[in-house]
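Fold and contact review
Below, each chain spelled out in residue letters.
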Amino acid sequence: MTTAVPVASRAAAPNRPADVVFKAISTTAGVLILVALAGVAIFLVAQAVPAIIGPLPDDDSFLAWVWPLTFGTLWSAFLAMLMAVPLAIAIALFITHFAPRRLAQGLGYLIDLLAAIPSVIYGLWGITVLAPFLQPAYGWLAENLGWIPLFTAPASGTGRTILTASIVLAVMVLPIITALCREIFLQTPRLNEEAALALGATRWEMITMAVLPHGRSGIIASSILGLGRALGETMAVAMVLASAGAVTFVVVGSQNPSTIAANIALRFPEAHGITVNMLIGSGLVLFAITLVVNGLSRWIIAKTTVDGGR
């Protein structure tokens with residue numbers, strides 16, 4: 001027969017050396033993260049101030065200069081997530097609830113392997129394979145569906161459009177979202193699934209009633225993680241996208257907006273003077289966007305968790 005140890009006795013128990021060391025290491029790691037984040041923020045703000053207060057070349061304001069880059073970053077990431085999230089959820093559901101065990105293991109391995117491919121390889125694939133392959137389709141869309149603002153003619157002659165770059169981004173974030181969603185769906189309580197099936201639900205109805213609601217916060221978190229990758233991707237976008245600095249929603253044309261990360265990568269090696277401050281200032285904008293996106297995701301996850309627990 002075991003006896004419970006009083007709370008007061010447990011509180012008064014001396015800390016073991018291993019506990020003290022582990023606590024010190026954990027605290028130090030947490031503090032270092034905050035210090036590094038603060039250091040990055042201070043550096044970006046200090047270097048961006050000359051560009052923000054001006055004057056800039058061509059008598060342009062910093063806001064007018066950085067706005068097309070911000071638009072291109074958000075627009076390409078939005079298109080990428082629009083394609084990647086539904087596909088990732090579908091693949092994760094197929095692996096966890098539909099595919100045979102051997103097929104699920106092999107498919108899961110292949111999906112995880114996509115995350116190990118360097119971004120420059122994705123860029124080479126996009127510029128040499130995907131862009132020429134999609135160019136005829138862009139021409140058809142501009143010719144037959146040009147009345148839709150997204151497909152306004154003329155179409156790009158090279159296929160290096162914002163849509164091509166977004167497809168490359170979608171492929172790059174797909175393994176991240178799929179892997180996390182797969183693990184989340186596997187954590188669904190077995191009793192919940194069996195209860196739904198026992199009540200006469202089909203497999204799809206069981207998924208909608210038990211699996212997806214249980215994994216809602218995890219789906220949001222994995223999507224935000226993929227969004228962060230899409231917002232900050234550099235080399236693949238810089239290689240694929242033929243940018244002209246335009247602010248346009250047309251996804252098949254040759255006049256495309258650039259992204260902040262790609263613009264920094266292409267222009268920083270030759271930048272000097274105030275141009276360096278302008279590029280660092282655009283990096284500050286990207287840093288702020290990332291913080292806002294992560295803060296918003298935390299709020300959505302917390303609200304979803306509270307609502308789901310009611």
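Quick notes on the rules
Residues numbered from 1 in each chain as written. Predicted model: local features only at pLDDT ≥ 70, side-chain atom pairs only at ≥ 80, totals over all residues. Heavy atoms only, no water. UniProt positions renumbered as here; feature names shortened; annotations may be inferred. Helix = DSSP H or I, 4+ residues; strand = E, 2+ residues; numbered from the N terminus. Contact = heavy atoms within 4.5 Å. Polar contact = N/O pair within 3.5 Å; in protein donor to acceptor, adjacent residues only side chain to side chain.

Going by an unreviewed UniProt entry, the protein chain carries the name Phosphate transport system permease protein and comes from Agrococcus citreus. The UniProt entry for the protein chain carries this comment under Function (unreviewed entry): "Part of the binding-protein-dependent transport system for phosphate; probably responsible for the translocation of the substrate across the membrane."

A separate point is the UniProt feature "domain: ABC transmembrane type-1" (unreviewed entry) in the protein chain. UniProt records the feature "domain: ABC transmembrane type-1" (unreviewed entry) for residues 70-297 in the present numbering. In this annotation, residues 70-297 is assigned 75% helix and 0% strand; the end-to-end C-alpha distance for the span is 20 Å.

In this structure, Thr 248 sits in the loop between helix H10 (235-240) and helix H11 (260-267). Residues Thr 248 and Leu 227, spaced 21 residues apart in sequence, show a C-alpha to C-alpha distance of 21 Å. Excluding its chain neighbours within four sequence positions, the residues that come into contact with Thr 248 are Phe 71, Trp 75, Gln 255 and Pro 257. A polar contact is formed between the side chain of Thr 248 and the backbone nitrogen of Val 250, at a distance of 3.1 Å.

According to UniProt, the "transmembrane region" (unreviewed entry) feature falls on residues 31-53, 73-95, 107-134, 162-181, 235-254 and 274-293. Secondary structure across residues 31-53 comprises 100% helix and 0% strand; the distance between its end C-alpha atoms is 33 Å. When the span residues 162-181 is considered, its composition is 100% helix and 0% strand, and the gap between its end C-alpha atoms is 27 Å.

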